Amino acid sequence: VHQQTQTDARTAMDAMTMHLRNGIAGSVQICSCNNQVCGNAACAALITIPPNSQINFLTQDGHFIQFVWVSNQGRNQLRMSDYPPVLGSNPLLPAHMPPLLADSHTDTVLANNVGSIMFTGDYRDFSVVNVSLRIDAPLDQSGNPNMITTMILPTQSVRMISTQ
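Thresholds, definitions, all that
- Residues numbered from 1 in each chain as written.
- Predicted model: local features only at pLDDT ≥ 70, side-chain atom pairs only at ≥ 80, totals over all residues.
- Heavy atoms only, no water.
- Pairing = 2+ DSSP bridges.
- Helix = DSSP H or I, 4+ residues; strand = E, 2+ residues; numbered from the N terminus.
- Axes fitted to C-alpha atoms, helices over the stretch in contact; angles between N-to-C directions.
- Contact = heavy atoms within 4.5 Å.
- Salt bridge = Lys/Arg side-chain N within 4 Å of Asp/Glu carboxyl O.
- Buried < 20%, exposed > 50% of the residue type's maximum accessible area, 1.4 Å probe, protein only.
- Core = buried A, V, L, I, M, F, W, Y, C linked by side-chain atoms within 4.5 Å.
- Phe/Tyr/Trp six-rings, centres within 6.5 Å; stacked < 30°, edge-to-face > 60°.

A. Spotlight on the sheet that holds strand S3 (residues 64-72). Sheet architecture is open: 5 strands sit in the order S1-S2-S3-S4-S5, paired in antiparallel fashion. Edge strands, defined here as strands with exactly one partner in the open sheet, are strand S1 (29-31) and strand S5 (106-112). Geometrically, the sheet is characterised by an average inter-axis angle of 20° between neighbouring strands, direction not taken into account. Pairing analysis gives 9 bridges linking S3 to strand S4 (residues 75-83), with the strands arranged antiparallel. The residue bridging Phe67 from the neighbouring strand is Met80, located in S4. Its contacts with the sheet put helix H1 (residues 2-21) on strand S2 (54-58), S3, S4 and S5, and the angle it makes with S5 is roughly 140°.

Structure representation (structure tokens):
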């Protein structure tokens, strides 16, 4: 179980850092909304959602990428949504964001049993995003909270693309 947890954590971190490296720094939004877009009028931080557990950004090829912590029937997941570029506009989105069509995106579960995920910016360099990930996987099916293995990966600092 420990080795599988370690592999799952590293695979999820690799996927996030790969997409963040292709992201445009000026398009980053970090929040705790679990909504389609951070900063949306419907975005209200909830006590049950970990702080800074969602990031949205544009990639250099126009995709809108979102990583978000989601609690699904007591199973905390890290999910990725990828919205391809489309034409048109959406008044709910900031001007630099592309419009999103609900049926045009792909959702992928990157990891299960996510104890915490945190995205933070670097005040010294706005093109750097730090990513922290912890996975708490059960060792058995008993549901005993003492029977878990925890994998905490070192915080990864990722430099995004500074200009479009």
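Alright, that's what it looks like, and here's the rest.
B. Representation of the pattern of salt bridges in the model. According to the stated counting rule, one finds 3 salt bridges in the structure shown. When the shortest N-O distance is used, the salt bridge between Asp122 and Arg124 registers 3.1 Å. Residue class for Asp122 comes out buried when judged on its relative accessible area of 14%. Where Arg134 meets Asp136, a salt bridge forms, and the shortest distance between an N and an O atom there is 2.7 Å. By relative accessible area, Arg134 is classed as partly exposed at 29%.

C. Geometry of the nonpolar core. Core analysis: the largest hydrophobic core is formed by 28 residues, its most contacted members being Met16, Phe67, Leu78, Ile117 and Leu133. Broken down by secondary-structure element, the contributors of at least two residues to this core are H1, S2, S3, S4, S5, strand S6 (114-122) and strand S7 (125-138). In terms of residue count, H1 provides more of this core than any other element does, 6 residues in total. Here Ile117 is in contact with Met16, Pro51, Asn52, Ser53, Trp69, Leu78, Val131, Ser132 and Leu133, once residues within four sequence places are set aside.

D. A look at the packing of aromatic side chains. In the structure shown here, the tally under the stated rule is 3 aromatic pairs. Between Phe57 and Phe67, the ring centres sit 6.1 Å apart and the planes meet at 40°, which makes this aromatic pair tilted. Note that Phe57 is positioned in strand S2 and Phe67 in strand S3, a separation of 10 residues in sequence. The residues Phe57 and Phe67 share a single accessibility class, namely buried. Each member of the aromatic cluster is reached from another via a ring pair, and the members are Phe57, Phe67 and Phe119.

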